[in-house]
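Examination of the molecular architecture
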Amino acid sequence: MALSKAMLAAEAGEVPVGAIAVYQGEVIAGGQNRVLRDNDPTAHAEIIALRGAAAVLGNYRLNGVTLYVTLEPCSMCAGAMIHARIDRLVYAALDPKAGAAGSVLEVLNHPRLNHKMRVDSGLFHADSAELLRRFFRERRQ
């Protein structure tokens, strides 16, 4: 589902990143990059999904939520996940330029921060990485 949201972002000319928020086994929110469409530097897929999940649950604390994302989160998104207190992050592709879950920075589960979450990576890695490669290859042409 996150990959399909990433594809929709690509079709709209956005960097193809998608996210879904799952609570008690049900998808409660989703997002895709909307930075260009909304003229909003914070409109990353993860932020859109977190906002939607908070609206559904009626709380900015998202305990019990798992966030599935097609790309390793940046430091802004990682910080938002910490503040939201999500339980788990699952991301597909590594981001060697801006990743904040181990690639460039280790924002999540930093020993000086009070919130820890489970972090899993690599699920649908090849599909997500290929979508990103194709998008940027087409943009360069």
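Now for a look at the structure at hand. Just so you know, the residues in each chain are numbered from 1, in the order the chain's sequence is written. Given that the model is predicted, a residue must reach a pLDDT of at least 70 before its local features are reported, and side-chain atom pairs must reach 80 or more before they are shown or counted; all residues, however, enter totals for whole chains, interfaces and linings. Excluded from the side-chain calculations are hydrogens and water; all other atoms, namely the structure's heavy atoms, are used.

**Regarding helix α4 (residues 75-84)**
Those residues of α4 lying buried are C77, A78, G79, M81, I82 and A84. A contact between two residues is defined here by any heavy atoms of the two lying within 4.5 Å. Only DSSP runs of H or I covering at least 4 residues are called helices, and only runs of E covering at least 2 are called strands; the numbering of each starts at the N terminus. Each element contacted by the buried residues of α4 is listed here: α3 (45-57), β3 (65-71) and β4 (88-93). Positive phi shows up at R85, right after α4, with a value of about 65 degrees. Per-residue accessibility, obtained with a 1.4 Å probe over protein chains only, is compared with the maximum for each type, and a residue is labelled buried under 20%, exposed over 50%, and partly exposed between these values.

**Some points on the packing of helix α1 (residues 2-11) against helix α5 (residues 125-140)**
At a closest axis distance of 11 Å, the pairing of α1 and α5 adopts a crossing angle of 5 degrees. Comparing their axes, α5 and α1 come out roughly parallel. In this structure, α1 uses L3, A6, M7 and A10 to contact α5, whose residues at the interface are D127, S128, L131 and F135. Partitioned by chemical class, the residues of the contact of α1 with α5 number six nonpolar, one polar and one charged. Inter-axis angles, ranging from 0 to 180 degrees, are taken between N-to-C directions of lines fitted to C-alpha atoms, where helices are fitted over the stretch in contact. An angle below 35 degrees is read as roughly parallel, one above 145 as roughly antiparallel, one from 65 to 115 as roughly perpendicular, and any other as oblique. Side-chain classes follow a simple rule in which Ala, Val, Leu, Ile, Met, Phe, Trp, Tyr, Cys and Pro form the nonpolar group, Asp, Glu, Lys and Arg form the charged group, and the remainder, Gly included, forms the polar group.

**A look at the sheet that holds strand β1 (residues 18-23)**
Two strands pair if DSSP finds at least two bridges between them. Spatially, the five strands line up as an open sheet ordered β2-β1-β3-β4-β5, and their pairing is mixed. Either end of the sheet is taken by a strand with one partner, and the two such strands are β2 (26-32) and β5 (118-121). Neighbour-to-neighbour, the strand axes of this sheet turn through a mean angle of 15 degrees, independent of strand direction. Sheet contacts for α1: β1, β2 and β3; angle to β1, the most-contacted strand, approximately 150 degrees.

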